[in-house]
Amino acid sequence: MTISVTAGGPQVASDLADSFLEHFTERVRTIRTEKVRERLSFVERRFQEVENELETAEERLAQFLERNQNPTTATLQFRRDRLQRQVSFKEQLYSELQSQLTQTRIDLQRRQPVVTIVEKPVPPRRRSAPRRSVNVLISIFLGVILGIGGAFVRSYIQTKK
């Protein structure tokens with residue numbers, strides 16, 4: 001892609017091109033990483049929720065074990081096993097979300113698009129437009145043609161009378 005800027009002065013044109021390139025690069029980066037950022041946000045929120053749920057499940061198990069030092073009845077053993085399964089499930093979920101969070105962060109870094117700028121904008125050495133000498137020559141040429149044409153038309157109208 002080639003970017004060309006026409007402005008009132010060489011430095012203004014260079015600054016406009018620089019500004020455009022900065023905005024363009026940022027916009028490309030935002031568009032290309034938007035989905036990954038949304039997924040990262042979701043995984044972070046879910047990770048926090050599961051972390052809180054794991055802490056709650058661990059606290060329930062700890063409270064149960066403190067109240068029932070040596071669970072001998074089947075009901076207490078069943079309840080202890082159930083609490084341990086909940087803690088184990090929450091630990092697995094926590095571990096899985098932690099892996100996803102890390103992977104999503106890596107994906108975000110990997111998917112950062114790179115806009116390669118081959119040449120930095122520099123102020124032009126000479127003006128490219130308007131080409132005054134060409135405009136003056138064209139104006140003189142058209143003026144002469146119109147003048148001669150007008151003189152012929154005037155002369156033709158006068159001779160008809």
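The model shown is predicted, which means the values in this text are computed figures rather than measured ones.

Undergrad: Residue-level account of the packing of helix H1 (residues 10-67) against helix H2 (residues 74-110), with values.
TA: Contact geometry of H1 with H2 gives a least axis separation of 8 Å together with a crossing angle of 160°. It follows that H1 is roughly antiparallel to H2 by the angle criterion. Considering how the two elements wind past one another, H1 and H2 form a crossing that is left-handed. Grouping the amino acids of the contact of H1 with H2 by side-chain chemistry returns 18 nonpolar, six polar and 14 charged.

Undergrad: Tell me about H1, residues and numbers included.
TA: In an α-helix, one turn spans 3.6 residues; hence positions three or four apart end up facing the same way. Along its 58 residues, H1 runs 82 Å from first to last C-alpha, staying within 8% of the 86 Å computed at 1.5 Å per residue. The sharpest bend along H1 measures roughly 50° and falls at Glu34.

Undergrad: Give me the lowdown on a positive patch on the surface, citing residues and values where you can.
TA: On the surface, Arg67, Arg79, Arg82 and Arg85 cluster together to form a positively charged patch. No other element matches H2, which puts three residues into the positive patch. Among the secondary structure elements, Arg82 is positioned in helix H2.

Undergrad: Report on the nonpolar core, specifying residues and quantitative values.
TA: Core analysis: the largest hydrophobic core is formed by eight residues, namely Val36, Leu40, Val43, Phe47, Val50, Leu97, Leu101 and Leu108. Going through the elements one at a time, H1 and H2 are the ones with two or more residues in this core. Per element, the largest residue contribution to this core is five residues, and it comes from H1. Residues within four places of Val36 in sequence aside, it is in contact with Thr104, Asp107, Leu108 and Arg111.

Undergrad: Could you give an account of a negative patch on the surface, with specific residues and numbers?
TA: On the surface, Glu55, Glu58, Glu59 and Glu91 cluster together to form a negatively charged patch. The greatest single-element share of the negative patch, amounting to three residues, is contributed by H1. Here Glu59 is to be found in helix H1.

Thresholds, definitions, all that
- Residues numbered from 1 in each chain as written.
- Predicted model: local features only at pLDDT ≥ 70, side-chain atom pairs only at ≥ 80, totals over all residues.
- Heavy atoms only, no water.
- Axes fitted to C-alpha atoms, helices over the stretch in contact; angles between N-to-C directions.
- Helix = DSSP H or I, 4+ residues; strand = E, 2+ residues; numbered from the N terminus.
- Parallel < 35°, antiparallel > 145°, perpendicular 65-115°, else oblique.
- Left-handed = near helix turned anticlockwise from the far one by under 90°.
- Nonpolar A, V, L, I, M, F, W, Y, C, P; charged D, E, K, R; others polar.
- Expected span 1.5 Å × (residues − 1).
- Bend = angle between axes of the 7 residues up to and from the residue.
- Patch = residues over 30% accessible without salt bridge, like charges linked within 9 Å, V, L, I, M, F, W, Y side chains within 5 Å.
- Areas by Shrake-Rupley, 256 points an atom, 1.4 Å probe, with all protein chains shown as cover.
- Salt bridge = Lys/Arg side-chain N within 4 Å of Asp/Glu carboxyl O.
- Lys, Arg positive; Asp, Glu negative; His and termini not counted.
- Charge placed at Lys NZ, Arg CZ, Asp CG, Glu CD.
- Core = buried A, V, L, I, M, F, W, Y, C linked by side-chain atoms within 4.5 Å.
- Buried < 20%, exposed > 50% of the residue type's maximum accessible area, 1.4 Å probe, protein only.
- Contact = heavy atoms within 4.5 Å.

Scope: geometric values only; no functional claims are made or implied.
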